[in-house]
Amino acid sequence: TTFSEFDDMEEQFQNMTKNNLESVFASTYQSLLDRSLKRSNELGELLSAITLDTDSDWADDSLSNQFRQVSKLIKMRGDLGTERGVFLTKSNGWDTHNNFDLSPLFTPINDALETFKAEMEAQGLWDDVVVLTVSDFGRTLTSNGLGTDHAWGGNHFMAGGSVKGGRILGDYPDNLGPEGSLNVGRGRLIPTLSWEAMWNGVVEWFGVESSQMSTVLPNVGNFASNQLFSKSDLFEA
């Protein structure tokens, strides 16, 4: 929905939030909805006034448009009173059950990250930014006849001006075949690193104290310290 469309629907939104309700749950939801709609409209006006150094360089696809908006939010951090920010972007199309042509998927990621990095450098913030890929599952190494199915282990990357890059972390399997010790069948590999291994170092870099780590990462206690990365493991001093 564009902000002009929001203006066109303002009367309908007001009708949704103006009535007094007897239910405390409905009333709370109504209040939160009203506040969210108003803040979204205010944010839209602020965003429309922001100009990026790379405004003409962004590709016209979903992921680039998302990173462009993130860049604007970062640039207006002073107006928003944001000391630290976390932003989620989404890339669809990775359901490879019926095919395995990844080339069209990697190009938008490369384009978006390339321009985002340039914009962060122009803002003097690339050293203060980290980009992570996440997913809820991996894919099988073996084919289902057309593509691949759901699996466990996978590969992810981290980027940022302060990241100690150019390295592969974790243990590469000695054997990718069915007899491999990490293969639980049909090319489903057990991960050699947990999500907590990465997040432990990232949230420490983000400023989370060790006393707060178990609150931020409830499962971190399931792993020994040598199974977790620290800030110094992942980032330059």
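Each remark here, short or long, concerns the structure printed above.
Here we summarise the structure given alongside this text.

Rules and cut-offs
Residues numbered from 1 in each chain as written. Predicted model: local features only at pLDDT ≥ 70, side-chain atom pairs only at ≥ 80, totals over all residues. Heavy atoms only, no water. Helix = DSSP H or I, 4+ residues; strand = E, 2+ residues; numbered from the N terminus. Rg over C-alpha atoms; globule rule 2.2 N^0.38 Å. Buried < 20%, exposed > 50% of the residue type's maximum accessible area, 1.4 Å probe, protein only. Contact = heavy atoms within 4.5 Å. Areas by Shrake-Rupley, 256 points an atom, 1.4 Å probe, with all protein chains shown as cover. Lys, Arg positive; Asp, Glu negative; His and termini not counted. Charge placed at Lys NZ, Arg CZ, Asp CG, Glu CD. Salt bridge = Lys/Arg side-chain N within 4 Å of Asp/Glu carboxyl O. Axes fitted to C-alpha atoms, helices over the stretch in contact; angles between N-to-C directions. Parallel < 35°, antiparallel > 145°, perpendicular 65-115°, else oblique. Left-handed = near helix turned anticlockwise from the far one by under 90°. Nonpolar A, V, L, I, M, F, W, Y, C, P; charged D, E, K, R; others polar. Expected span 1.5 Å × (residues − 1). Core = buried A, V, L, I, M, F, W, Y, C linked by side-chain atoms within 4.5 Å.

**Some remarks on the overall build of the protein chain**
Moving on, step 1. Looking only at helices and strands, one finds nine helices and four strands in the protein chain.
Moving on, step 2. By the compact-globule yardstick of 18 Å for 237 residues, the protein chain is too spread out, its C-alpha radius of gyration being 22 Å.
Moving on, step 3. Seen through its principal axes, the protein chain has C-alpha atoms that stretch 65 × 45 × 45 Å.
Moving on, step 4. For the protein chain, the proportion of its 237 residues judged to be buried stands at 29%.
Moving on, step 5. In the protein chain, the proportion of contacts linking residues at least 24 apart, taken out of those at least 6 apart, comes to 65%.
Moving on, step 6. A total accessible area of about 15,800 Å² is found for the protein chain, and carbon and sulfur atoms account for 51% of it.
Moving on, step 7. If the 17 positive side-chain charges of the protein chain are averaged to one point and the 34 negative ones to another, these points end up 3 Å apart.

**A word on the pattern of salt bridges**
Moving on, step 1. One pass over the structure, following the stated rule, counts five salt bridges.
Moving on, step 2. Put simply, aspartate 95 and arginine 139 hold a salt bridge, and the shortest N to O gap is 3.9 Å. In this pair, aspartate 95 is assigned in the loop between α5 (77-80) and α6 (103-122) and arginine 139 in strand β2 (residues 138-139), connecting sequence segments 44 residues apart.
Moving on, step 3. Under the relative-accessibility criterion, aspartate 95 is labelled exposed at 51%.

**Examining unusual backbone geometry**
Moving on, step 1. One non-glycine residue, arginine 186, lies in positive phi territory at about 55°.
Moving on, step 2. If you trace the backbone, arginine 186 turns up in the loop between β4 (158-159) and α7 (195-206).
Moving on, step 3. Overall, the relative accessible area of 37% leaves arginine 186 in the partly exposed class.

**Brief notes about the side chain of glutamate 196**
Moving on, step 1. Of note, glutamate 196 is situated in helix α7.
Moving on, step 2. Among residues more than four places away in sequence, those in contact with glutamate 196 are Leu217, Asn219, Val220, Phe223 and Leu228.

**Digging into the packing of helix α4 (residues 62-75) against α6**
Moving on, step 1. At a minimum axis distance of 9 Å, the contact between α4 and α6 shows a crossing angle of 20°. Relative to α6, α4 is oriented roughly parallel. Between α4 and α6 lies a crossing of right-handed hand. For the pair α4 and α6, the contacting residues are Leu63, Ser64, Phe67, Val70, Ser71 and Ile74 in the first and Pro108, Ile109, Asp111, Ala112, Leu113, Phe116, Glu119 and Met120 in the second.
Moving on, step 2. Across the contact of α4 with α6, the residue classes break down as 10 nonpolar, two polar and two charged.

**A word on helix α3 (residues 24-48)**
Moving on, step 1. In this model α3 runs 36 Å from its N-terminal to its C-terminal C-alpha over 25 residues, within 8% of the 36 Å that 1.5 Å per residue would give.
Moving on, step 2. Among the residues of α3, Gln30, Leu33, Leu37, Asn41, Gly44 and Leu47 are the ones counted as buried.

**Examining the environment of aspartate 79**
Moving on, step 1. Looking at where aspartate 79 falls in the secondary structure, it is placed in helix α5.
Moving on, step 2. Judged by relative accessible area, which is 61%, aspartate 79 ranks as exposed.
Moving on, step 3. As a C-alpha pair, aspartate 79 and serine 91 span 12 residues in sequence and 29 Å in three-dimensional space.

**Re the nonpolar core**
Moving on, step 1. Grouped together as the largest cluster of nonpolar side chains are 19 residues, with contacts concentrated most on Phe67, Ile74, Phe116, Met120, Val129 and Val131.
Moving on, step 2. For this core, the secondary structure elements donating two or more residues are α4 and α6.
Moving on, step 3. Non-local contacts of valine 131, meaning those with residues more than four positions away in its chain, are made with Phe67, Leu113, Phe116, Phe157, Met158 and Ala159.
Moving on, step 4. Grouped together as the second largest cluster of nonpolar side chains are eight residues, Ala197, Met198, Val202 and Phe229 included.

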